[in-house]
Amino acid sequence: MNVSIQPALKSLQTAALIVVVAVVGIFIGYFIDFLVTDSPEVSAPEQPIAFSHKIHAGDNDIPCQYCHTEARRSPSAGVPSVNKCMGCHNEVATESPLIRQVSEYWENKEPIPWVKVHDLPDFVHFTHKRHVQAGIACQTCHGPVETMDKIAVHSRNNEGPTLLASSTGEIMNSETSDVGATQNDHWEMGLCLNCHKQHDVVDGKAVRVDEGGFDNGLDCWTCHK
Amino acid sequence: MPNIDRRDFIKLVGAGGVGVGAGVVLRESIKHPREHLIPHVLAPEDYSSGVATWYNSVCSMCSAGCGISVRTREGRAKKIEGNPSHAVNQGRLCALGQAGLQVLYNPDRLTGPLLQSADRGADGFTQITWEDGLTRVASQLDVLRAAGRGNRIALLTRGVGGHLAELLESFAEGVGTNRLFHYDYAHPHALYAANERFFGEQQLPYYDLSNTRHLLSFGADYLAGWLSPVHHSLGFANSRHGGDNRGYFVQIEPRMSPSGAAADEWVPAKPGTEGILALGLAHHIVASGHYDGDDIDEWKGVLSAYTLEKVAEETDVSESVLQRLAESFANASPSLAIGGDGAANNSNGVDTLVAINALNYLAGNVGTAGGVVFNPNPAGATSHDHQANYRTLAQLAASARNGDIDVLILNDANPVFTMPLASEFKAALARIPFIVSLSSFIDETSALANVVLPSHTYLESWGDAFPEHGMGFSIGAVSQPVIAPLYDTKATGDIVLDLARRTGNPMPWDSLEDCIKDGWNKIYQRNASDTQTDSFESFWRALLKAGVWGEKNHRSNDSFRPNASAIANIGVDVPVFSGDAEVYPFVLQPFLSTMHDGRAANLPWMQELPDVMTSVVYGSWVEMNPKTAENLGLAEGDLVDVESTEGSVRAPILVYPAIRPDVIAMPIGQGHSNYGRYASNRGTNPLEILSPLVDESSGNLASNATRVKVVATGKHIEIVKTSGKSRDLGRDIVQTTGGSDHTAQTNSIPIMVIPT
């Protein structure tokens, strides 16, 4: 008797091809999502009110901690209360349509649901208090916020000048931009580690050193606790 | 390359599409989700988000009055610790105090006023407004007050001290009733009565465990429940690591309590004979020349009947042990005898405690450090003045049955749970036409209310406390709200003030806070020169910050002498038990458990906390000596009915080696029929079957005087406990050394000296 296995083989081949195509598809899908969701529109999401840090911190030179008052006292920098916004905008630019939106929230006694841009995973323990008190400028991690109309995660790959506080606490312009510089994507562990490797703490202030860094600054438990 | 026909092509396109979709879904699902930053509308002044704020306050879980520091974050209480500045607990806190958070966040808490729209006791509560609730209550009160029949109103609160106690008092006066009762099951009525009789003191003295070198504890479970357990634990620890001068602790009780387990020696005297034992020791101290006061003849006369031989026979403790205890007690200086719990809750409880006071006097322990130290008058009210004992509550029940009570105002007291069924307290309450409850929970008593006006928990309201057992000096602490109220509730004091206003009887304060501040202003005026502050406001701020305040007012303690009649009245009768010993062979000892008197049964942390001695969680059990269990053919987990003349309760047997064969013991606290999801229908309540026998001298329920029999049901359940066996069984799991080895070792180890 002459039995051919050709039909069975053919269906096996087809099945294998389907699996291969599906697996390749998964990779493509993953990549597409990566491209789409990490595009500038997503890393700089629309906010409920088109608040401009450029106008406040840049053009009008308002210090960061005037609004983010908790940064020097608390792990979280804090978002200003609606009341705080109205503190100025009772008088300033009251007729602007954006400010009207703010007043509306205030009158309804509702909080403004800002979208969080700078977000660390829950397994990372970061405290603003330590870093601010050590004289690290906000821009070191957050980028040149005072130039941003819409807040966005700052990418190191298109490096601009970075501000670093000197050991005396005075903010100076550091053209060398070596703090946290990394080829990797931003807001990952490299950013923290690079800085921790290159800085020591002297009298409570972060001071750049050539090598070594500070002792417990590289311990896993420094951040993962 | 195989030929791809049309069908295969479609399959491949489909597979590709599904794959891409799956890839997107995969990444989206593992990606950190987008979060929002929700700011405050109006920033609070008293906290920074992300930073813990600590408030000092007072624990109200029992009546010890420990100081607490509550950690709050973003306006929510997160953790309760002891306040290190508070002299009572010195930074420590017991499990019950820690569990206070679960009172605050309990899912069974009442969130607003309720009206019973069905029959009372049914589950027919409907939400009403505060205005409606207060109006209903006020109109009931007003009618009676206006008609001069205010005495038909009764107030029954759990024990509260401080200015809230005074506020309740003036409210009762305002509506014209003298029926104001504070009720705590574990209030030491007998101790107060005994101290008044022997010392002539209206208040408790300070028992200085910390400095004593020899402690005789007659039934007082000072580490787990008696008066102020956290403070006593500190004292115990201090006395025990005293190097060469280490304190020696003896516990005399028929069932070993945690204090008994921690003691150097456990003496299982017959239940109720503790006082006789104390007088036996006193007899030996006097007869052997350890006492040389000029009233020695009177003592010899009154103690003549208590020879060691006779006492040994009555207490079931051998003569040689008695003699050794008496000698070591008299020779140690300072030594201290205390009595309570098991020894106090008998028909001869007050006599027993008087005998213990006498023992202290004869050994020279009164007024000395390490002994009994008299307290100055407390700076504020304590609950004791209005504490109702069993007899008082029985009278209240009788008045209710006679129809003499029209309105009952309840505040967090739960007598329906803690009164024996024989008192028929629940049935008596049913005769009261209108009951209003200010409790935060629906417990067995609140369930009978017409209107429930729920009060804040202690973490949300103002209050203050003046610990009843004192410290040898008077001490007070303010309880401040640590968070804004979670629900639509009001502080007890504010409800009472509101009712007073509505019944045309306004009190001079706008709020409870006002009342307490006003009271502390008076304390400030009295002591202004000592406070080192220039105004009341700065004193008040300092007080809230420290959480505690002590007054410079030690009493000189050296001159106490009992008067002749106090000596002549000394004597302890053989205890009386209910039930025929032939039919009911065992004495039932109900003891305070981790659930305290039942008030903590709705806290899961306390439910899951293993019992100190047996490691049992979530349930009730019957402790029985192994010999007794063997005779009855019972083993651990066998369900039995424990029957007294008054009824029976069902619980599993737990074979417990540290109990007399003629005694069985059961924990108090479980067996709730109401009181929320964690408490109800769990375990059984041994208080139900107690016979209503009282100690005539104090009116206190003789809760250790009920005889019971144990009837096997043939059923078996698994007792839930964390330890498999209570014994080592030669496995060398817990290695121990004797005290002498320890001393030898520590003496041979060179002590590290820290250079100065």
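How each quantity is defined
Residues numbered from 1 in each chain as written. Chains lettered and ligands numbered in written order. Predicted model: local features only at pLDDT ≥ 70, side-chain atom pairs only at ≥ 80, totals over all residues. Helix = DSSP H or I, 4+ residues; strand = E, 2+ residues; numbered from the N terminus. Rg over C-alpha atoms; globule rule 2.2 N^0.38 Å. Buried ≥ 20, exposed ≤ 12 C-beta atoms within 10 Å, placed from the backbone. Contact = placed C-beta atoms within 7 Å. Domains from an automatic or database assignment. Nonpolar A, V, L, I, M, F, W, Y, C, P; charged D, E, K, R; others polar. Pairing = 2+ DSSP bridges. Axes fitted to C-alpha atoms, helices over the stretch in contact; angles between N-to-C directions. Parallel < 35°, antiparallel > 145°, perpendicular 65-115°, else oblique. Left-handed = near helix turned anticlockwise from the far one by under 90°. Core = buried A, V, L, I, M, F, W, Y, C linked by C-beta atoms within 7 Å. Expected span 1.5 Å × (residues − 1). pLDDT = per-residue confidence, 0-100.

## A few points about the overall build of chain B
Thinking step 1. What chain B contains, in helices and strands, is 23 helices and 28 strands.
Thinking step 2. For 756 residues, the compact-globule estimate of 2.2 N^0.38 gives 27 Å, and chain B sits close to it at 29 Å.
Thinking step 3. With the C-alpha coordinates aligned to their principal axes, the bounding extent of chain B is approximately 115 × 80 × 70 Å.
Thinking step 4. Scored against the burial criterion, the 756 residues of chain B give a buried share of 53%.
Thinking step 5. Considering only intrachain contacts with a sequence separation of at least 6, the fraction spanning at least 24 residues in chain B is 75%.

## Observations regarding the overall build of chain A
Thinking step 1. Scanning chain A from terminus to terminus reveals ten helices and five strands.
Thinking step 2. Expressed as a percentage of its 225 residues, the buried residues of chain A come to 19%.
Thinking step 3. Intrachain contacts of chain A at a sequence separation of at least 6 include 55% that bridge at least 24 residues.

## Re the domain arrangement of chain B
Size of an interface, as often reported, equals the accessible area lost when the parts are brought together.
Residue and element names in this part refer to chain B.
Thinking step 1. Domain assignment breaks chain B into domain 1 (106-184 + 387-455 + 490-505), domain 2 (189-373) and domain 3 (586-716).
Thinking step 2. One C-alpha centre belongs to domain 2, the other to domain 3, and the line joining them spans 27 Å.
Thinking step 3. At the junction of the two partners, domain 2 supplies 22 residues and domain 3 supplies 23 residues.
Thinking step 4. Every element with two or more residues in the side of domain 2 that touches domain 3 is listed here: helix H6 (189-199), helix H8 (258-262) and helix H13 (349-362).
Thinking step 5. Taken together, the residues of the side of domain 2 that touches domain 3 break down into ten nonpolar, ten polar and two charged.

## Considering the sheet that holds strand E13 (residues 335-339) of chain B
Within a sheet, neighbouring strands are paired by backbone hydrogen bonds and run either parallel or antiparallel to one another.
All names here are of chain B.
Thinking step 1. Spatially, four strands are ordered E12-E11-E10-E13 in an open sheet, and the strand pairing comes out parallel. Single-partner strands in this sheet number two, and they are strand E12 (265-267) and E13. The mean angle between the axes of side-by-side strands here comes to 15 degrees, regardless of whether they run parallel or antiparallel.
Thinking step 2. Here strand E10 (residues 214-218) runs beside strand E11 (residues 248-252); their pairing, made up of five bridges, is parallel. Within E11, the residue paired with Leu216 across the bridge is Val250.
Thinking step 3. Contacting E10 and E13, H13 crosses the sheet at an angle of about 175 degrees to E13.

## A few points about the pairing of E13 of chain B
All names here are of chain B.
Thinking step 1. With respect to burial, E13 is a largely interior element, five of its five residues being buried.
Thinking step 2. Covered by surrounding structure in E13 are Ser335, Ala337 and Gly339 together with Leu336 and Ile338, the residues of both alternating faces.
Thinking step 3. Relative to E13, E10 is paired through five bridges, and the arrangement is parallel. Residue pairing across strands places His214 opposite Ser335, the latter belonging to E13.

## Digging into the domain arrangement of chain A
Thinking step 1. Considered domain by domain, chain A is made up of domain 1 (53-107) and domain 2 (128-223).
Thinking step 2. Between domain 1 of chain A and domain 2 of chain A, the contact holds twelve residues from the first and eleven residues from the second.

## Concerning unusual backbone geometry
Most of the time, phi is negative for any residue but glycine, and the peptide bond is trans.
Thinking step 1. With an omega of -5 degrees, the peptide bond running from Ser333 of chain B to Pro334 of chain B counts as cis.
Thinking step 2. On the secondary structure map, Pro334 of chain B appears in the loop between helix H12 (319-331) and E13.
Thinking step 3. With a phi angle near 50 degrees, Asp203 of chain A is a residue other than glycine that sits in the positive phi range.
Thinking step 4. Phi angles above zero are rare outside glycine, and Asp341 of chain B is one such case at about 45 degrees.
Thinking step 5. Turning to its location among the elements, Asp341 of chain B is positioned in the loop between E13 and H13.

## Structural notes on the sheet that holds strand E3 (residues 67-73) of chain B
All names here are of chain B.
Thinking step 1. Spatial ordering of the open sheet is given by E2-E3-E4, a layout of three strands whose pairing is antiparallel. Edge positions in the open sheet fall to strand E2 (53-58) and strand E4 (76-82), since each of these has one partner strand only. When strand polarity is set aside, the average angle formed by the axes of neighbouring strands in this sheet is 30 degrees.

## Some details on the environment of Leu9 of chain A
Thinking step 1. Relative to the assigned elements, Leu9 of chain A resides in helix H1 (residues 6-37).
Thinking step 2. Taking the C-beta count within 10 Å as the criterion, Leu9 of chain A has 11 such neighbours and is therefore assigned exposed.

## Let's talk about the pairing of strand E24 (residues 647-655) of chain B
All names here are of chain B.
Thinking step 1. Pairing between strand E22 (residues 622-624) and E24: three bridges, direction parallel. Each residue of the ladder has a partner; that of Glu623, found in E24, is Leu654.
Thinking step 2. In the sheet, strand E23 (residues 638-644) pairs with E24 via six bridges, with the strands oriented antiparallel. Opposite Ser644, over in E24, you have Gly647 as the bridge partner.
Thinking step 3. Here E23 folds back onto E24, and the loop between the two strands holds two residues.

## Thoughts on the environment of Pro33 of chain B
All names here are of chain B.
Thinking step 1. Mapped onto the elements, Pro33 comes out in the loop between helix H1 (6-30) and strand E1 (36-37).
Thinking step 2. C-beta crowding within 10 Å serves as the criterion here: with 8 such atoms nearby, Pro33 is assigned to the exposed category.
Thinking step 3. Separated by 74 residues in sequence, Pro33 and Pro107 have C-alpha atoms that sit 30 Å apart.

## Thoughts on the interface of chain A and chain B
Thinking step 1. Chain A puts 40 residues into the contact, and the matching count from chain B is 31 residues.
Thinking step 2. For the side of chain A that touches chain B, the elements supplying multiple residues, two or more each, are H1, helix H5 (82-89) and strand E1 (114-115) of chain A.
Thinking step 3. Top contributing element to the side of chain A that touches chain B by residue count: H1 of chain A, with 18 residues.
Thinking step 4. In the side of chain A that touches chain B, the residues fall into 22 nonpolar, nine polar and nine charged.
Thinking step 5. In the sheet, E1 of chain A pairs with E1 of chain B via two bridges, with the strands oriented antiparallel.

## Comments concerning the packing of helix H18 (residues 512-531) of chain B against helix H19 (residues 536-546) of chain B
The description of two helices packed together rests on the angle between their axes and the distance between the axes.
Residues and elements named next belong to chain B.
Thinking step 1. Following both chains from N to C, one finds H18 and H19 inclined at 100 degrees, their axes separated by 10 Å at the closest point. Comparing the axis directions of H18 and H19 gives the class roughly perpendicular. Residues Lys517, Trp520, Asn521, Tyr524 and Thr531 of H18 form the contact with H19, whose own contacting residues are Phe536, Phe539, Trp540 and Leu543.
Thinking step 2. Here the contact of H18 with H19 is built from residues that sort into six nonpolar, two polar and one charged.

## Observations concerning the packing of H6 of chain B against H13 of chain B
Residues and elements named next belong to chain B.
Thinking step 1. Viewed as axis vectors pointing N to C, H6 and H13 meet at an angle of 50 degrees, and their least axial separation amounts to 8 Å. Taken together, the axes of H6 and H13 lie oblique to each other. By crossing handedness, the relation of H6 to H13 is classed as right-handed. Here H6 contributes Ala190, Leu191, Ala193, Ala194, Asn195, Arg197, Phe198 and Phe199 to the contact with H13, which in turn contributes Gly349, Val350, Leu353, Val354, Asn357 and Ala358.
Thinking step 2. Class assignment for the residues of the contact of H6 with H13 results in ten nonpolar, three polar and one charged.

## Details of the nonpolar core
All names here are of chain B.
Thinking step 1. Residues Ala278, Leu281, Ala282, Ala355, Leu359, Leu408 and Val622 are the most contacted members of the largest nonpolar core, which totals 216 residues.
Thinking step 2. A per-element tally of this core places H13 first, with nine residues.
Thinking step 3. Not counting the four nearest positions on each side in its chain, Ala355 is found in contact with Gly275, Ala278, Leu279, Ala282, Ile570 and Val572.

## Some remarks on helix H9 (residues 274-287) of chain B
All names here are of chain B.
Thinking step 1. For H9, with 14 residues, the first-to-last C-alpha span of 20 Å sits near the 20 Å given by 1.5 Å per residue.
Thinking step 2. Within H9, 13 of the 14 residues are buried, which leaves it mostly tucked inside the rest of the structure.
Thinking step 3. Remark: Gly289 follows H9 within two positions and exhibits a positive phi of approximately 85 degrees.

## Some points on the environment of Ala57 of chain A
Thinking step 1. Within the element layout of this structure, Ala57 of chain A appears in helix H3 (residues 53-59).
Thinking step 2. Between the alpha carbons of Ala57 of chain A and Ala152 of chain A there is a distance of 15 Å; along the sequence they are 95 residues apart.

## As for the confidence of the model for chain B
Thinking step 1. Per-residue confidence for chain B averages 92 on the pLDDT scale, and 96% of its residues sit at or above 70.
Thinking step 2. Two numbers describe this predicted complex: its pTM, 0.85, and its ipTM, 0.75.

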